[in-house]
Amino acid sequence: YGYSALPLITSTITVEGNGSTITRRGSEEMRFFTAVSYEEKVADLTLDKLTLTNGKNSYYNGGAVYVSDSTLTINYCTLSGNESGLTGGGIFATYSDVTITKSNINDNKSYGGGAGVYARYNAMTIIDSTLSGNEAPDGDGGGVYVVGATVTINNAFIGGNEALIGGGLMAYGSQLSIVNSLISGNGGSEDNLGGGVYLVDTAGTLNGVSIAGNSAFRGGGMFIFSGSATIEKSTLSGNEATVAGGI
């Protein structure tokens, strides 16, 4: 799993931060929390009112938090300036249910994708939260990258993220619902695809969503490679692309 600041979590643990910050100093690489179940979803990690900064794993997934076959709940937290050489600069979650509420996931970096959050084969809910300034220079999904997941995003801001594909959000083989959210100012390199949102084999529903001011070579606002998107009471405006500025 890579180096972790705290012992491996295999049971129910709640960390009450009370506004405190955990940061990595010096040259030694480590993430902060690693939760793994050897039986189905026994590990259950809750982080509350905590800031995690400068976590780093150059050769492993998950710069700040890694969960596998577990449950992860994040409330009123900030994950900022964390980095992974693979996927999940802020959070890496596989076969794990994830709930993120009233939190900021900002300015994280990963080279394999999902600079803010990388989640696969799970259910994930993001509510009243911000994902901004995350960067996946060689990967997909600057803010969020989901694979084979059921994802609900409500009242979120996904802005200023960058990636090769899906600057704001990349979804592959997933069920995606975005409600009452703003996806703005996302992009990437000159030849990137899907500045705001990129969908592959995904059924997406957008209701009350503004996709504005994103940029890409193709599909400034959205790029739908395969699958479907149902868009209701939403706005696509001011997106830029060499080919297909809106969708």
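Here is what the cut-offs are and how they apply
Residues numbered from 1 in each chain as written. Predicted model: local features only at pLDDT ≥ 70, side-chain atom pairs only at ≥ 80, totals over all residues. Heavy atoms only, no water. Salt bridge = Lys/Arg side-chain N within 4 Å of Asp/Glu carboxyl O. Helix = DSSP H or I, 4+ residues; strand = E, 2+ residues; numbered from the N terminus. Contact = heavy atoms within 4.5 Å. Pairing = 2+ DSSP bridges. Axes fitted to C-alpha atoms, helices over the stretch in contact; angles between N-to-C directions.

Peer 1: How do you make sense of the pattern of salt bridges when you look at a structure like this?
Peer 2: As a working rule, side chains carrying opposite charge can pair if their charged atoms are close by. Tallied over the entire structure, the rule returns one salt bridge. Between D128 and K102 there is a salt bridge, with the nearest N and O atoms lying 3.3 Å from each other. Residue D128 is located in the loop between β14 (123–127) and β15 (130–132), and its partner K102 is located in the loop between β10 (97–101) and β11 (104–106); the two are separated by 26 residues in the primary sequence.

Peer 1: Would you explain the environment of T94 in this entry?
Peer 2: Position of T94 among the secondary structure elements: in strand β9 (residues 91–94). Residues T94 and R120 lie 26 residues apart in sequence; the distance between their C-alpha atoms is 5.0 Å. Residue contacts for T94: discarding those within four places in its chain leaves V67, S68, D69, R120 and Y121.

Peer 1: Help me out: how do you make sense of the sheet that holds strand β17 (residues 144–147) in this one?
Peer 2: Two pairing modes exist for strands in a sheet, parallel and antiparallel, and in both the strands are linked by backbone hydrogen bonds. Strand order in this open sheet of eight strands is β2-β5-β9-β13-β17-β21-β24-β28, and the pairing throughout is parallel. Each end of this open sheet is capped by a strand with a single partner; those strands are β2 (33–36) and β28 (222–224). Between one strand axis and the next, the sheet turns by 5 degrees as a mean value, whatever way the strands run. Here four bridges tie strand β13 (residues 117–120) to β17, and the two strands are oriented parallel to one another. Counted as the bridge partner of A119 is V146 from β17.

Peer 1: What am I meant to see in the environment of N54 here?
Peer 2: Position of N54 among the secondary structure elements: in the loop between β3 (44–53) and β4 (56–57). Taking the C-alpha atoms as reference, N54 lies 7.2 Å from E83; in sequence the two are 29 residues apart. Ignoring sequence-local partners within four residues, the contact set of N54 consists of T23, R24, F32, S80, G81 and N82.

So far we have only geometry, and geometry alone does not tell us how the molecule works.
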